[in-house]
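# Results of the structural survey
One letter stands for each residue in the lines below.
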Amino acid sequence: MKTSIFIKSYKDDYKWLRYCLESIAKFVTGYEQIVVVIPEDELPHLLIALRLSDKHYTRVTSKTSIVYFGNLTIAVKEVEEHGNPYLFQQVVKMEAWKYTDSEIICYCDSDCVFSRPVNISEYATDKPLILFDDYENVGDAKCWKEITEKTIGHEVNIEFMRQHPFIYLRSTVQMTCDHIERLHGVSVSEYILSQPGTHFSEFNAVGAYAYLCERDNYRFAEARQQTGHERHVYNEHKIIQQWWSYSGLTKEELRKIYEVLYDFVEFTEEGHAIVKGDTHIGQWVKENRRLDFDLSATPKFLEMVKEGDVVVDCGANIGAYAHAFAEKIGESGKLFCFEPNPKAFKCLEYNLHGRSNVVLVNAAVGLFESEATMSEMENTGASFIDENGTVPVRVVSLDNELYGEHVNVIKIDCEGTEEYVLRGANKVISEYRPKLILEINDGCAKRYDSSADNIKKLLIEYGYIFKNIYDNEPMEGDQYDIMCWHGDEVVKVLRESQEQFKPQPVKTISFKHM
């Protein structure tokens, strides 16, 4: 029999849904379809939360889209919501049989993360498993007894909302709806939405109907939940960890999710996320016992930033400098971080979690929008865009991403593609004349038919003066950092002294990403 995973979600839960879907991709087999039902017109919000672009979905009908999330293909259904939001999501779950033709429906909430490998079809082999406990042993969950008895019209002495996932025959869900409609003389939607407050429990309603009317089609087992336990049961059937989305996603909860999903992430004693095995930045964060480990360059960078600024960090890695920028600009500022390396990006997400003034983009920055590949290095910060790389990455331009944002400062450390980042920010630079912080790495630049001289010449053309971040240090050698200021009058005076830069003409590099 075919099985569908069914999830009802909405905008405030999308930050959870992303991890739920990642856990399905990592651990779950034995299903044919994932169905996600969301409120009408929320598809753009869903795509943003999942860090997807318009290229990652196909509109099938006005209310149905196919979304491609990693290796998952998801049927997204949009519904017009009305009435009490809690009760309406109960309606959608009771009517899940309308959204899929699979014989088995596996319900999973947005704030659930699968925690180990599982073949969902095995849970429905022969007969689906329903867990229960006597109402005498369920603590506060006793509140569902009277509500469920009213819904079903029969005495119910056991509670069925024990732990996710809840797996039912599609026919059982449909027959439960039919039973409620016959009993109460109104549609199941009308009945649920007429209840006060939160007085409906979808899994207790279906579980009770299955127990009373379809017992031969299911296996029933005691969950043996400890009374008052907040995280549902821990038994041999547990394959999901559930949090409570209404309480917000704390950093402590996020760490637990990371420990389940990302074996490439290591946490330092101070609680910072680093890429496991990283030979440079991760190691330095551990050794210095702080995320902003670079006590030499960081203060220099921060001289360029003031409270309330809009700052852009191209090549943010795990957030060492981004953390310092976010602290300096405060809540009145805004920070945009771009990082293509998927492992470093996950660490960046964790390290900057909870900051409302930060926007994170899992992409490389270049001349225009495209796709590319990356070669990963043991020194994570030295991973680079490479036409022979094995890690697919998205490439964006700052003009496309940020034009309209009054950018004050841009930091660029992109392992040789700095020239293309600058050229792809032509409108932003011309309009807002932001201060710039650049790594100059001549050896890396030459990988892309660029050079340190080309970068400097381009800066002069844009109207910038620049210096080594360290006073009295020359701008020479293979690798160093510079600070750049725009100033027409000053540039006129200094232009003659910088005429020694005679770069080669810009060439078109041999692969499509930049």
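Residues numbered from 1 in each chain as written. Predicted model: local features only at pLDDT ≥ 70, side-chain atom pairs only at ≥ 80, totals over all residues. Heavy atoms only, no water.

## Quick notes on the overall build of the protein chain
Defined as follows: Each helix corresponds to a stretch of at least 4 residues labelled H or I by DSSP, and each strand to a stretch of at least 2 residues labelled E; elements are numbered beginning at the N terminus. The rule is simple: take the accessible area with a 1.4 Å probe, protein chains only, and divide by the maximum for that residue type; under 20% is buried, over 50% is exposed, in between is partly exposed. Two residues form a contact once any of their heavy atoms are found within 4.5 Å. Here the positive residues are Lys and Arg and the negative ones are Asp and Glu; neither His nor the chain ends is included. The atoms used to mark charge sites are NZ of Lys, CZ of Arg, CG of Asp and CD of Glu.
If you tally the helices and strands in the protein chain, you get 19 helices and 27 strands. Principal axes of the C-alpha set define a box for the protein chain whose edges measure 90 × 45 × 40 Å. Counting all 514 residues of the protein chain, 56% fall into the buried class. Expressed as a percentage of contacts within the protein chain between residues at least 6 apart in sequence, the contacts between residues at least 24 apart total 71%. The distance from the centre of the 56 positive side-chain charges to the centre of the 82 negative ones in the protein chain is 1 Å.

## Details of the sheet that holds strand E4 (residues 57–59)
The strands making up a sheet associate through hydrogen bonds between their backbones, and the pairing can be parallel or antiparallel. Formally: By the convention used here, strands pair only if DSSP detects at least 2 bridges between them. Fitting a line to C-alpha atoms yields each axis, with helices limited to the stretch in contact; the angle taken between N-to-C directions then spans 0 to 180 degrees.
Pairing is mixed across the open sheet formed by 7 strands, whose spatial order is E4-E5-E6-E3-E1-E7-E12. The open sheet has two edge strands with one neighbour each: E4 and strand E12 (166–169). For this sheet, the mean angle separating the axes of adjacent strands, direction not counted, is 25°. Pairing geometry for strand E1 (residues 3–8) and strand E7 (residues 104–107), over 4 bridges, is parallel. Residue pairing in the sheet places Ile5 in a bridge with Cys106 of E7. Sheet strands in contact with helix H6 (residues 170–184) are E7 and E12, and its direction is about 80° off that of E12.

## Concerning helix H5 (residues 143–152)
To keep it simple, the criterion reads: Regarding the arc, it is the one traced by the directions from the helix axis to the C-beta atoms.
Within H5 the residues assigned to the buried category are Trp144, Ile147, Thr148, Thr151 and Ile152. All buried residues of H5 fall inside an arc of 120° around its axis, so they share one side. Close packing links the buried residues of H5 with helix H3 (85–94), strand E11 (158–159), H6, helix H7 (188–193) and helix H8 (202–213). Where H5 ends, the next residue or the one after it, Gly153, has phi of about 75°, a positive value.

## A short note on the pairing of E12
Here E12 shows a buried face lined by Phe166 and Tyr168 and a second buried face lined by Ile167 and Leu169. In terms of strand pairing, E7 meets E12 through 4 bridges, oriented antiparallel. Paired with Tyr107 across the strands is Phe166, a residue of E12.

## Points about the packing of aromatic side chains
Rules: What counts as a ring pair is set by centres within 6.5 Å for rings of Phe, Tyr and Trp (its six-membered ring), and what kind of pair is set by the plane angle: stacked under 30 degrees, edge-to-face over 60, tilted for all other angles.
Tallying each qualifying case throughout the model produces 21 aromatic pairs. Consider the rings of Tyr258 and Tyr262, whose centres lie 4.7 Å apart with planes at 80°: the pair is edge-to-face. With respect to class, Tyr258 is no different from Tyr262; both count as buried. Centre to centre, the rings of Trp284 and Phe293 are 5.5 Å apart; their planes meet at 40°, and the pair counts as tilted.

## Remarks on the side chain of Ser65
Within the fold, Ser65 resides in strand E5 (residues 64–69). If near-sequence neighbours (up to four positions away) are discounted, Ser65 is found in contact with Leu43, Tyr57, Thr58, Arg59, Val60, Ile74, Ala75 and Val76.

## Some details on the pattern of salt bridges
Rule in force here: Take a side-chain nitrogen of Lys or Arg and a carboxyl oxygen of Asp or Glu: if they are within 4 Å of each other, that pair is a salt bridge.
For the structure on display, the rule yields 26 salt bridges. A salt bridge links Arg18 to Glu349; its shortest N-O distance comes to 2.8 Å. Remark: Glu349 occurs in helix H13 (residues 342–351) and Arg18 occurs in helix H1 (residues 14–27); sequence separation between them is 331 residues. The exposure classification of Arg18 matches that of Glu349, with both residues buried. Overlapping salt bridges bring together Arg18, Glu22, Arg51, Lys346 and Glu349 as one network.

## Here we look at the sheet that holds strand E13 (residues 219–222)
Reading across from one edge, E11-E10-E13 is the order of the 3 strands in this open sheet, with mixed pairing throughout. In this open sheet, the two edge strands, each paired with only one partner strand, are E11 and E13. Relative to E13, strand E10 (residues 129–134) is paired through 4 bridges, and the arrangement is parallel. Note that in E13 the partner of Phe132 across the bridge is Glu222. Along the sheet, H8 contacts E10, E11 and E13; its crossing angle with E13, the most-contacted strand, is approximately 115°.

## Looking at the nonpolar core
Worth spelling out the cut-off: Definition of nonpolar core: a set of buried residues of the types Ala, Val, Leu, Ile, Met, Phe, Trp, Tyr and Cys, connected through side-chain atoms within 4.5 Å.
Of all hydrophobic cores here, the largest spans 102 residues; its most connected members are Leu21, Ile24 and Phe114. The contact partners of Ile24, leaving out residues within four places of it in the chain, are Ile5, Ile7, Tyr31, Ile34, Leu72 and Phe114.

## Here we look at the confidence of the model for the protein chain
Spelled out, the test is: The predictor attaches a confidence to each residue, called pLDDT, with possible values from 0 through 100.
Here the protein chain averages 90 in pLDDT, while 92% of its residues score no lower than 70. Here residues 502–514 is modelled with pLDDT under 50, and outside its nearest four sequence neighbours on either side it reaches 37 contacts, counting other chains as well.

## Things to note about the packing of H6 against H8
For clarity, the cut-off: Should an angle fall under 35 degrees it is called roughly parallel, over 145 degrees roughly antiparallel, and 65 to 115 degrees roughly perpendicular, with every other angle called oblique. Gly is put with the polar residues, along with every residue not named as nonpolar or charged; the nonpolar set is Ala, Val, Leu, Ile, Met, Phe, Trp, Tyr, Cys and Pro, and the charged set is Asp, Glu, Lys and Arg.
Orientation of H6 relative to H8, taken along the N-to-C sense of each, is 95°, at an axis distance of 9 Å. It follows that H6 is roughly perpendicular to H8 by the angle criterion. On the side of H6, the interface is formed by Thr172, Val173, Met175, Thr176 and His179, while H8 contributes Ala205, Val206, Tyr209 and Ala210. Looking at the contact of H6 with H8 residue by residue, the classes come out as 6 nonpolar, 3 polar and no charged.

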